[in-house]
Amino acid sequence: MCSFLDVTESRAAVARLRRRDETVTMTMNDAPIGIALVSLDGRYEFVNPAMCRLLGRSAEELRKLTYRDVTHPERAEADIEAERRLRDGGVENVQTTKRYMRPDGSVVTALVSVTVLRDHDGRPMRFVTQAVDISERLRIEEELHRRVGQQSVVAQLGQHALEGVESSRLLD
């Protein structure tokens, strides 16, 4: 007696899963924004190339660090509180402006969104961080504010000069 088992559907399911995994991997790796998977103890488990560029470190370096190691010290307390609220379910995600320290000592400012991934029972498994470098935008905004301030001073001086001319005409 001989029996056969048709594995066509199983092979098709495995192929679909493989394609889905490849799509997710390509999406993460090719994303123009920084993406990181962070363990509950703060260690980087995965970082995409954009996150490596933003932080000025290789993926290998980052996997040896926690997010606290690269965060500007002034941000520590706020991060601890945000992490607690995410874990406890008080909020689903947090979005903030955050400064990171690069190994060369420079500071990069990013718009950061963090959410927590939960298992089927609702227990936190890891954090997902997305970050966009906004340093250049902030530099341009500061320059614009500076120039607007200078123009305001020039306009006021011009107004005072005109008022001075009008006053001297009255005296003539």
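Look up: the structure comes first, before these words.
Residues numbered from 1 in each chain as written. Predicted model: local features only at pLDDT ≥ 70, side-chain atom pairs only at ≥ 80, totals over all residues. Heavy atoms only, no water.

Caption draft 1: Spotlight on the overall build of the chain. If you tally the helices and strands in the chain, you get 6 helices and 5 strands. When the helices and strands of the chain are placed in sequence order, the string is α-β-β-α-α-α-α-β-β-β-α. Each of the 172 residues in the chain was classed as buried or not, and the buried ones make up 26%. In the chain, the proportion of contacts linking residues at least 24 apart, taken out of those at least 6 apart, comes to 41%. As displayed, the chain offers around 12,200 Å² of accessible surface, 56% of which is attributable to carbon and sulfur atoms. (Helix = DSSP H or I, 4+ residues; strand = E, 2+ residues; numbered from the N terminus. Buried < 20%, exposed > 50% of the residue type's maximum accessible area, 1.4 Å probe, protein only. Contact = heavy atoms within 4.5 Å. Areas by Shrake-Rupley, 256 points an atom, 1.4 Å probe, with all protein chains shown as cover.)

Caption draft 2: Just the pattern of salt bridges, in detail. For the structure on display, the rule yields 13 salt bridges. Of the charged contacts, one joins aspartate 88 and arginine 84 as a salt bridge, the two residues approaching to 3.2 Å between their closest N and O atoms. Of this pair, aspartate 88 and arginine 84 both sit in helix H5 (residues 76-88), separated by 4 residues, roughly a single helical turn. Judged by relative accessible area, arginine 84 falls into the partly exposed class, the value being 40%. Several salt bridges converge on common partners, so that one network encompasses Arg68, Glu83 and Arg87. (Salt bridge = Lys/Arg side-chain N within 4 Å of Asp/Glu carboxyl O.)

Caption draft 3: Here's a closer look at empty space enclosed by the protein. Following the criterion strictly, the structure yields 1 cavity of 30 Å³ or more and no others. Approximately 230 Å³ is the volume attributed to the largest cavity. Around the largest cavity, the lining comprises 18 residues; the ones closest to its centre are Tyr67, Asp79, Lys98, Val114 and Thr129. Elements represented by at least two residues in the lining of the largest cavity include exactly strand S1 (34-39), H5, strand S3 (93-101), strand S4 (107-118) and strand S5 (124-133). Class assignment of the residues belonging to the lining of the largest cavity gives a composition of 12 nonpolar, 2 polar and 4 charged. (1 Å grid on protein atoms, 1.4 Å probe; cavity = no way out; pocket = protein on both sides within 12 Å on 5 of 7 lines; lining within 4 Å. Points joined across faces, edges and corners; volume = space filled by probe spheres on them. Nonpolar A, V, L, I, M, F, W, Y, C, P; charged D, E, K, R; others polar.)

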